Amino acid sequence: MRLVHLADLHLGFRQYQRLTPTGVNQREADVARTFARAIDRTIALAPDLVVIAGDVFHVVRPPNPAILHAFRQFMRLQVALPNTVVVMVAGNHDAPRTAETGSILKLFTECGVRVIDGAAERIALPEFDASVLAVPDVPGHVRPVLAPDPSARYNVLLLHGEVEGMLRGVASAERAAVEIPRADLRAPEWDYIALGHYHVYREVEPNAFYAGSIDYTSFDAWGERRDERDLGIPGKGIVERDLATERHVFHPLEASRALVDLAPVEGAGLGARELDAAVRAAVDGVPGGIEEKIVRLRAVDVPRHVAREMDHKALREYKRRALHFQFETVRPEVARIAAGGSPGRRPSLADVVREKLATRLLPGEVPRDAFVSLGLKYLAE
């Protein structure tokens, strides 16, 4: 018995202000295109079972084009693989906060998908002598004991949630409602555990994996790229698992949009014009150029006055050429010395805000002093 494991589709994800010629947010269109590629690959693999581990949509009330696209893709999967069972659980992005709101995921039952968006359910698959325990990430529901069905030959646990220790440092807005001690998975008792929520492909146990998201749709895409580099993961993809032989394959998906995280520019000792030249060299060194890519460049050890005097017209031109150009300056660390052993005065919140606003990149027509004053006024209010 073979399965394909997908997770964290985040259809309807929107980012930046660039639109397609038809008026759709460009990143939303990118993610939709990646999902179509994931369905293409799944159809080519022709598994017996497809499990989707939550966060099908990015928000509880997704935009209509995202709903329509998802319906067409799941219908395409059902027509191409009529004998393949598809099981989907809700993730924290899919789950409404009130019962009356309801979940859009039930729509996909019309495509033959078995949708679990409330209490956990055990799904018997007698045609494969298999069982799937499907556990969505839904606030207010009690997580069941994660035990397999002893009467089934193959047992799969499908779960959207956070295994302890996996998401250190992740913003609270991205945290799951379900948090599971690793021991509670009872991994040795299962043939496979298909996890969703963590956006990077990752082994938790030899038979338990996060498939990762299919595209870069979190608050910290650059952190995902760092984790992928550290783990030697080629990018986003889907998982194929043979339950009989334990053959396991991660299938990378072609990225719909290039993310380029450039090596930081060292700004210590550079004047504004020298820093401009270093930034220009970094941008010009991107293979194929920065056009329509998502690019980040950090300049470290840059004093505030140097950042202010940079060529902001050139920076705006980089932003025009790329889909998104994120330029950050990091000021040198200042050693605080306090006489007599006194710890010294910590900067106030107003001090921090003033310094941040004073170094933020602005359009040339925006007066810096007025911008800072307005920000401090809002803070006071």
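Residues numbered from 1 in each chain as written. Predicted model: local features only at pLDDT ≥ 70, side-chain atom pairs only at ≥ 80, totals over all residues. Heavy atoms only, no water.

Strands sit in the order 5-6-7-10-12-11 across an open sheet of six strands; the sheet is mixed. The open sheet has two edge strands, strand 5 (121-125) and strand 11 (202-205), and neither has a second partner. Averaged over neighbouring strand pairs, the angle between their axes works out to 20 degrees when direction is ignored. One ladder, built from three bridges, connects strand 10 (residues 192-196) with strand 12 (residues 208-210); its direction is parallel. Residue pairing for strand 12: Ala194 is matched across the bridge by Phe209. (Pairing = 2+ DSSP bridges. Helix = DSSP H or I, 4+ residues; strand = E, 2+ residues; numbered from the N terminus. Axes fitted to C-alpha atoms, helices over the stretch in contact; angles between N-to-C directions.)

Remark: helix 1 (residues 26-45) packs on helix 2 (residues 64-80), axes separated minimally by 10 Å, with the N-to-C direction vectors making an angle of 10 degrees. Judged on the interaxial angle alone, helix 2 and helix 1 are roughly parallel. Facing Glu28, Ala32, Phe35, Ala36, Ile39, Asp40, Thr42 and Ile43 of helix 1, the residues of helix 2 in contact are Pro65, Ala66, His69, Ala70, Gln73, Phe74, Arg76, Leu77 and Ala80. Residue composition of the contact of helix 1 with helix 2, grouped by class: eleven nonpolar, three polar and three charged. (Parallel < 35°, antiparallel > 145°, perpendicular 65-115°, else oblique. Contact = heavy atoms within 4.5 Å. Nonpolar A, V, L, I, M, F, W, Y, C, P; charged D, E, K, R; others polar.)

What follows is about the pattern of salt bridges. Applying the stated rule across the entire model yields 27 salt bridges. Here Glu317 and Arg320 are joined by a salt bridge, their closest N and O atoms 2.6 Å apart. Remark: Arg320 and Glu317 occur in helix 6 (residues 312-321); sequence separation between them is three residues, near one turn of the helix. For Glu317, a relative accessible area of 33% translates into the label partly exposed. (Salt bridge = Lys/Arg side-chain N within 4 Å of Asp/Glu carboxyl O. Buried < 20%, exposed > 50% of the residue type's maximum accessible area, 1.4 Å probe, protein only.)

Following the sequence through the fold, Asp55 ends up in the loop between strand 2 (49-53) and helix 2. Relative accessible area serves as the criterion here: at 1%, Asp55 is assigned to the buried category. Contact partners of Asp55, with chain neighbours within four places excluded, come to Asp8, Leu9, His10, Ala90, Gly91, Asn92, His93, Asp94, His160 and His197.

Phi at Ala46 takes a positive value of approximately 50 degrees, unusual for a residue other than glycine. Within the element layout of this structure, Ala46 appears in the loop between helix 1 and strand 2.

Summed over the entire model, instances satisfying the criterion amount to eight aromatic pairs. Members of the aromatic cluster, connected to one another through ring pairs, are Phe35, Phe57, Phe74 and Phe108. (Phe/Tyr/Trp six-rings, centres within 6.5 Å; stacked < 30°, edge-to-face > 60°.)

Counting residues in each nonpolar core, the largest one holds 31 residues, and the members touching the most others are Leu9, Val56, Phe57, Phe74, Met88 and Phe108. Those elements giving two or more residues to this core turn out to be strand 1 (2-6), helix 1, strand 2, helix 2, strand 3 (85-89) and strand 4 (113-116). Judged by nonpolar contacts, the second largest core, of 28 residues, contains Ile116, Phe128, Tyr154 and Ile233. (Core = buried A, V, L, I, M, F, W, Y, C linked by side-chain atoms within 4.5 Å.)

What follows is about the sheet that holds strand 2. Across the sheet, which stays open at both edges, the six strands sit in the order 4-3-2-1-13-14 with mixed pairing between neighbours. Each having just a single partner strand, strand 4 and strand 14 (248-252) make up the two edges of the open sheet. The average undirected angle you get between the axes of adjacent strands in this sheet is 20 degrees. The pairing of strand 3 with strand 4 spans four bridges and is parallel.

Before going further, it helps to spend a moment on a positive patch on the surface. Taken together, the side chains of Lys313, Arg316, Lys319 and Arg360 present a region of like positive charge at the surface. Residue position: Arg316 is located in helix 6. (Patch = residues over 30% accessible without salt bridge, like charges linked within 9 Å, V, L, I, M, F, W, Y side chains within 5 Å. Areas by Shrake-Rupley, 256 points an atom, 1.4 Å probe, with all protein chains shown as cover. Lys, Arg positive; Asp, Glu negative; His and termini not counted. Charge placed at Lys NZ, Arg CZ, Asp CG, Glu CD.)

It is worth spelling out a nonpolar patch on the surface at this point. Taken together, the side chains of Leu349, Val352 and Leu379 make up a nonpolar region of the molecular surface, amounting to roughly 250 Å² of accessible area. Relative to the helices and strands, Leu379 resides in helix 8 (residues 368-380). With relative accessibility at 35%, the residue Leu379 sits in the partly exposed group.

Our focus in this paragraph is helix 4 (residues 272-284). Relative to the 18 Å expected for 13 residues at 1.5 Å per residue, helix 4 spans 18 Å between its end C-alpha atoms, a close match to the ideal helical length. Among all positions in helix 4, only Ala272, Leu275, Asp276, Val279, Ala282 and Val283 are buried. Each buried residue of helix 4 sits inside an arc of 125 degrees when the element is viewed along its axis, so together they form one side. Seen from the open side of helix 4, the exposed residues pointing more than 90 degrees away from its buried face are Arg273 and Asp284. Structurally, helix 4 contributes buried residues whose contacts are with strand 16 (265-266), strand 17 (294-300), helix 5 (304-308), helix 6 and strand 18 (324-330). (Expected span 1.5 Å × (residues − 1). Arc of directions from axis to C-beta.)

Everything listed is a geometric property; what it means functionally is a separate question.
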